[in-house]
Amino acid sequence: MIRYNSGETEESHRPIQKLKGVVPSVEWPIIEPLIERVNALKSEKNAVVLAHNYQTPEIYHCVADFVGDSLQLAVQAQERDADIIVQAGVHFMAETSKLLCPEKTVLIPSLEAGCSLASSITGEDVRKLKNKYPNVPVVTYVNTSADVKAESDICCTSANAITVVESLGVERVILLPDEFLSQNVAAMTDVEIIAWKGRCEVHERFTAGELRAVRGSTPDLSILAHPECSPEVLEEADFAGSTSALIEYVREKRPEKVMMVTECSMSDNVSAEIGEGVEFIRPCNLCPHMKTINLQNIIESLELMRYEVTIPEDIATEARGAVQRMVDLGLKGQNFEGGTMKDIVVEDSLSLSSMETLSQ
Ligand code: SF4
């Protein structure tokens, strides 16, 4: 029999032990049977769970076969020898897995797992942009739907955005759809960037003033920010990079006190891995889409084989090409340090329709 006593048990090897310090032990008797059920279903069905860095600790540490940022998950989806992929992320990530693994069944446990960036732009918007800027290549952040990727020359993630933009060897690119990521990339390169007015609803909420206030009240604090935050927030940070780069920074440098300016669960997940010695000051902005995935709906997803992700073949062929061109570049990333802010053009649906009206 397993005894629960303030988180101390006789079986220190059990997966749930990884949640010590981040999930109260009083919740363990409810969570542990769910973890066991997910792991049993994975073996039975030859399935894997891919979890994004923003997932809750019980998914990230106890049932995920691979964790990472969008780029790492896309590559892992290809390399995993499994019949079924359960994407513990959001819908665009599941679509990306399906694009790279068309022969595998890809499931997303919640239909609510969307993304404010992905819903900010459509394939039709990209076609209009290409009319407005003929011969300017389109680089699309992976946080987009397959029909937007299908209209693009190549994809990028926050880890490789600067590398991808510069790899094209041109003077000007359209970089979609995150306005802040585009401004932050523009600061790091001589390539002229045309942006789209999309925002991540989690990262846009952080302000430079908030960071200054926390720093003022917390001596010796290291502030790490994700490039979906505004340029002003990045200027206040000590380091900026993709979720994986932020995790790597904490692993290597082990700052005494750290604030990760990104989704809430990242701090919990890194804290559970790092253990004692690093104090996490937690700014708490949750991604409501990511949080619609939980252990219970992962179980239902595997039991009922729902919700299967499908992409029309004509869109899939084009979108796959854009993702694959990014993957083929390799996993080289570049952090956002020492840039110079510039004014860039930011397009939106309104500016494109007014252009159409003028040309009529
Ligand atoms: S954190 Fe932002 S970019 Fe990531 S899934 Fe949520 S809304 Fe989209």
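These remarks concern the structure in this document. Just so you know, these numbers come straight off a predicted model, no measurement behind them. (Residues numbered from 1 in each chain as written. Predicted model: local features only at pLDDT ≥ 70, side-chain atom pairs only at ≥ 80, totals over all residues.)

1. As for the sheet that holds strand β5 (residues 138–141)
To keep it simple, the criterion reads: Here, a strand pair is defined by DSSP locating no fewer than two bridges between the strands. Working definition: helices are DSSP H or I runs of at least four residues, strands are E runs of at least two. Numbering for both runs from the N terminus. To get an axis, a line is fitted to the C-alpha atoms, and for a helix only the part in contact is used. The angle between two axes follows their N-to-C directions and goes from 0 to 180 degrees. In this description, a residue-residue contact is defined by the distance between C-beta atoms placed from the backbone, which must lie within 7 Å.
Taken in spatial order, the five strands make up an open sheet running β6-β5-β7-β8-β13, and their pairing is parallel. At either end of the open sheet lies a strand with only one pairing partner, and these are β6 (154–156) and β13 (345–347). Averaged over all pairs of adjacent strands, the angle between their axes in this sheet comes to 30 degrees, without regard to strand direction. By the bridge criterion, three bridges tie strand β8 (residues 192–196) to β13 in an arrangement that is parallel. Its bridge partner being in β13, I194 is matched across the sheet by V345. The strands touched by helix α8 (residues 179–186) are β5, β7 (172–176), β8 and β13; relative to β8, the strand with the most contacts, the crossing angle is about 170 degrees. Across the sheet, helix α14 (residues 313–328) touches β5 and β6, and the angle it forms with β6 is around 60 degrees.

2. Regarding helix α11 (residues 243–253)
The test is simple: Around each residue's C-beta, the other C-beta atoms within 10 Å are counted; 20 or more make the residue buried, 12 or fewer make it exposed, and counts in between make it partly exposed. All C-beta atoms are placed from the backbone.
For α11, the set of buried residues is T243, S244, A245, L246, I247, Y249 and V250. Against β2 (66–68), α3 (70–79), β9 (221–225), β10 (239–240), β11 (257–261) and α12 (264–274) lie the buried residues of α11. Immediately beyond the C-terminal end of α11, within one or two residues, lies R254, with a positive phi of roughly 40 degrees.

3. So, the packing of helix α1 (residues 28–45) against helix α13 (residues 295–304)
The line we're drawing: Any angle from 65 to 115 degrees is called roughly perpendicular, while one under 35 is roughly parallel, one over 145 is roughly antiparallel, and all others are oblique. Crossing handedness: left-handed means the near helix sits turned counterclockwise from the far one by under a right angle, and right-handed means the same turn made clockwise. Under the grouping applied here, Gly and all other residues not named as nonpolar or charged are polar, the nonpolar ones being Ala, Val, Leu, Ile, Met, Phe, Trp, Tyr, Cys and Pro and the charged ones Asp, Glu, Lys and Arg.
Across the interface, α1 lies against α13 with an axial gap of 9 Å and an inter-helix angle of 25 degrees. The angle between α1 and α13 falls in the class roughly parallel. Handedness of the crossing formed by α1 with α13: left-handed. On α13, the residues touching I31, L34, I35, R37, V38, L41 and K45 of α1 are L295, Q296, I298, I299, L302 and E303. Here the contact of α1 with α13 is built from residues that sort into nine nonpolar, one polar and three charged.

4. Some details on the environment of E204
With respect to the helices, strands and loops of the structure, E204 is situated in the loop between β8 and α9 (208–217). Along the backbone, E204 and S230 are 26 residues apart, and their C-alpha atoms lie at a distance of 6.5 Å. Among residues more than four places away in sequence, those in contact with E204 are F180, R199 and S230.

5. Structural notes on the site of the ligand
What counts here: For each residue, a C-beta atom is positioned from the backbone; the residue is called near a molecule or strand if that atom sits within 6 Å of it.
Taken together, the neighbourhood of the ligand is formed by 13 residues, with C115, S116, C200, V202 and C287 sitting nearest. Considering only residue class, the shell around the ligand consists of eight nonpolar, three polar and two charged.

6. Focus: the packing of helix α4 (residues 91–100) against α14
With their axes 9 Å apart at the nearest point, α4 and α14 run at an angle of 95 degrees to one another. Relative to α14, the element α4 is oriented roughly perpendicular. Contacts between α4 and α14 involve T96, L99 and L100 from the first element and A316, A319, R320 and V323 from the second. Here the residues of the contact of α4 with α14 sort into five nonpolar, one polar and one charged.

7. Overview of unusual backbone geometry
In this structure, the amide linkage connecting L176 to the following residue, P177, adopts the cis form with an omega of -15 degrees. The peptide bond linking R306 to Y307 adopts the cis configuration, its omega dihedral lying at -5 degrees. Here Y307 is to be found in the loop between α13 and α14. A positive phi is found at R254, a non-glycine position, where the angle reads about 40 degrees. Mapped onto the secondary structure, R254 falls in the loop between α11 and β11. Looking at R254, the number of C-beta atoms within 10 Å reads 12, which means it is exposed. A positive phi angle, close to 55 degrees, is found at M305, a residue other than glycine. Along the chain, M305 turns up in the loop between α13 and α14.

8. Re the sheet that holds strand β1 (residues 47–52)
Taken in spatial order, the four strands line up as β2-β1-β3-β4 in an open sheet, and their pairing is parallel. Whereas interior strands pair on both sides, the edge strands pair on one side only; in this sheet they are β2 and β4 (105–107). Pairwise comparison of adjacent strand axes, ignoring direction, gives a mean angle of 20 degrees for this sheet. Taken together, the three bridges between β1 and β2 define a ladder with parallel strand orientation.

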